[in-house]
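Okay, here's what each chain looks like letter by letter:
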Amino acid sequence: MAEAIVLKYEISPDDFTRAGEASSDVKGKLKQMGVSPAAVRKVAIAMYEGEINMVIHAKGGEITVEITPERIRMILADVGPGIPDIDLAMKAGYSTAPDEVRNLGFGAGMGLPNMKKYTDTMEIETELGVGTTITMTVNL
């Protein structure tokens, strides 16, 4: 694997039936490449949480995954409302998910905290009314 492998996924808004397909696909590809089970698990959890956030809070978006021998970088870019208070959003249990989403078993307020917990680096760029881009890295 000399150069980066780049995977792109379109995430549909409000589509809970397909939520998780992108992270599941990446998990399968990483396993095929022989990436360590610990790294595969971290990537799968962090990406799934981000994917669910895009479905719940944003109007969809795109996930780009860059795989190199050194690291796996996930760039989640949405066109959602933005995050008004990142510090508050990072608190475990804090959620702005509507009741209908919570009734489906999502929106427990663990998305961003888990994304940070299962990655080596996480950066959030957000602009209200424009969208949010989250870049996460898992070192190999």
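Residues numbered from 1 in each chain as written. Predicted model: local features only at pLDDT ≥ 70, side-chain atom pairs only at ≥ 80, totals over all residues. Heavy atoms only, no water.

Draft legend 1. Representation of the overall build of the chain within the structure. Counting its secondary structure elements, the chain contains 5 helices and 5 strands. Helices and strands in the chain line up, N terminus first, as β-α-α-β-β-α-α-α-β-β. For 140 residues, the compact-globule estimate of 2.2 N^0.38 gives 14 Å, and the C-alpha radius of gyration of the chain, at 14 Å, lies within 12% of that figure. Overall, the chain is about 45 × 30 × 25 Å in size when its C-alpha atoms are taken along their principal axes. Split into buried and exposed, the 140 residues of the chain put 44% on the buried side. The long-range fraction of contacts in the chain, counting pairs at least 24 apart against all pairs at least 6 apart in sequence, stands at 62%. Approximately 7,500 Å² of the chain is accessible, and the part contributed by carbon and sulfur atoms is 51%. The averaged location of the 20 negative side-chain charges in the chain is 7 Å from the averaged location of its 14 positive side-chain charges. (Helix = DSSP H or I, 4+ residues; strand = E, 2+ residues; numbered from the N terminus. Rg over C-alpha atoms; globule rule 2.2 N^0.38 Å. Buried < 20%, exposed > 50% of the residue type's maximum accessible area, 1.4 Å probe, protein only. Contact = heavy atoms within 4.5 Å. Areas by Shrake-Rupley, 256 points an atom, 1.4 Å probe, with all protein chains shown as cover. Lys, Arg positive; Asp, Glu negative; His and termini not counted. Charge placed at Lys NZ, Arg CZ, Asp CG, Glu CD.)

Draft legend 2. Highlighting the packing of helix H1 (residues 21-33) against helix H2 (residues 37-57). In contact at an axis separation of 8 Å, H1 and H2 are set at 165° when each is read in the N-to-C sense. Of the possible angle classes, the one that applies to H1 and H2 is roughly antiparallel. Where H1 crosses over H2, the two elements pack in a sense that is right-handed. In contact with Glu-21, Ala-22, Ser-23, Val-26, Lys-27, Leu-30 and Lys-31 of H1, H2 contributes Val-40, Val-43, Ala-44, Met-47, Tyr-48 and Glu-51. Tallied by class, residues from the contact of H1 with H2 come to 8 nonpolar, 1 polar and 4 charged. (Axes fitted to C-alpha atoms, helices over the stretch in contact; angles between N-to-C directions. Parallel < 35°, antiparallel > 145°, perpendicular 65-115°, else oblique. Left-handed = near helix turned anticlockwise from the far one by under 90°. Nonpolar A, V, L, I, M, F, W, Y, C, P; charged D, E, K, R; others polar.)

Draft legend 3. Quick peek at the environment of Ile-11. With respect to the element layout, Ile-11 can be found in strand E1 (residues 5-11). The exposure class of Ile-11 is buried, given its relative accessible area of 8%. Placed 40 residues apart in sequence, Ile-11 and Glu-51 show a C-alpha to C-alpha distance of 7.2 Å. Apart from the residues within four sequence positions on either side, Ile-11 is in contact with Ala-22, Glu-51, Met-54, Val-55, Gly-60, Gly-61 and Ile-63.

Draft legend 4. How the structure looks around the nonpolar core. Grouped together as the largest cluster of nonpolar side chains are 34 residues, with contacts concentrated most on Tyr-9 and Val-65. For this core, the secondary structure elements donating two or more residues are E1, H1, H2, strand E2 (61-67), strand E3 (71-78), helix H5 (111-117) and strand E5 (131-139). Take this core: its biggest share by element is 9 residues, from H2. For Val-65, the contacting residues outside a window of four places in its chain are Ile-5, Val-6, Leu-7, Tyr-9, Val-26, Met-47, Ile-72, Arg-73 and Met-74. (Core = buried A, V, L, I, M, F, W, Y, C linked by side-chain atoms within 4.5 Å.)

Draft legend 5. Layout of the environment of Val-40. With respect to the secondary-structure elements, Val-40 resides in helix H2. For Val-40, a relative accessible area of 3% corresponds to the buried category. A C-alpha to C-alpha distance of 6.0 Å links Val-40 and Lys-27, two positions 13 residues apart in sequence. Among all residues touching Val-40, those that are not within four sequence positions of it are Lys-27, Leu-30, Lys-31 and Val-35.

Draft legend 6. How the structure looks around the environment of Thr-135. By the secondary structure assignment, Thr-135 is in strand E5. What makes Thr-135 buried here is its relative accessible area of 16%. If we ignore the near neighbours within four places in the chain, the residues touching Thr-135 are Arg-73, Met-74, Ile-75, Thr-121, Met-122 and Glu-123.

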